[in-house]
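# Structural overview for review
Chain by chain, the residues:
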Amino acid sequence: MSHLLIALCVTTALYLALILGLLLAGRRTDAVALARFIPDCIVLIKRLLADPRVPRRHKLALGLLLADRPRPRLPARDRPGR
């Protein structure tokens, strides 16, 4: 399996474990807020990119920020040329 897929599975499992932990601790409101956070962010980004009132340079900045996030980061000792 690719490293990206493994990282995605581990991150998703930790996210779900945190939500479950909040539920088991009796903090239902916090669990619901955390569960809705990621989907709400996705909707926000889609709407910002589709909104004609948002300047093009801001859409470009958002797109560059999103394109940079999924790249895995290597520790300095593992980078080529170091």
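Each chain has its residues counted from 1, running along the sequence as written. A pLDDT threshold of at least 70 governs which residues receive local features in this predicted model, and a stricter bar of 80 or more applies before side-chain atom pairs are shown or counted, although totals over entire chains, interfaces and linings include all residues. Excluding hydrogens and water, the side-chain figures rest on all heavy atoms present in the structure.

Let us now look at helix α1 (residues 3-24). The first and last C-alpha atoms of α1 sit 31 Å apart over 22 residues, in line with the 32 Å expected at 1.5 Å per residue. Any pair of N or O atoms that falls within 3.5 Å is considered a polar contact. Within protein, one atom must be able to donate a hydrogen and the other to accept it, and sequence-neighbouring residues count only if both atoms are side-chain atoms. The helix count covers DSSP runs of H or I at least four residues long, the strand count covers runs of E at least two residues long, and both are numbered beginning at the N terminus. The distance from a side-chain oxygen at the start of α1 to the backbone nitrogen of L5 is 3.2 Å, and the residue carrying that oxygen is S2. Downstream of α1 by one or two residues, G26 has phi in the positive range, about 85°. Here the expected span of a helix is defined as 1.5 Å times the quantity of residues minus one.

Let's shift gears to the packing of α1 against helix α2 (residues 28-50). The geometry of α1 relative to α2 is characterised by a closest axis approach of 7 Å and an angle of 160° between their N-to-C directions. Between α1 and α2, the crossing angle belongs to the class labelled roughly antiparallel. You can see that α1 and α2 cross each other, and the crossing is left-handed. Between α1 and α2, the contacting residues are Y15, L18, I19, L22 and L23 on the first element and R28, D30, A31, L34, A35, R36, F37 and I38 on the second. Each residue belonging to the contact of α1 with α2 can be placed in one class, and the counts come to ten nonpolar, no polar and three charged. Lines fitted to C-alpha atoms define the axes, with helix axes restricted to the stretch in contact, and inter-axis angles between N-to-C directions lie between 0 and 180 degrees. For classification purposes, angles smaller than 35 degrees are called roughly parallel, those larger than 145 roughly antiparallel, those between 65 and 115 roughly perpendicular, and all remaining angles oblique. Crossings are sorted by hand: turned counterclockwise from the far helix by less than a right angle, the near helix makes the crossing left-handed, and turned clockwise it makes it right-handed. We call two residues in contact when some of their heavy atoms are within 4.5 Å. Three residue categories are used. Nonpolar comprises Ala, Val, Leu, Ile, Met, Phe, Trp, Tyr, Cys and Pro, charged comprises Asp, Glu, Lys and Arg, and polar comprises the others, including Gly.

In short, geometric facts, not functional conclusions.
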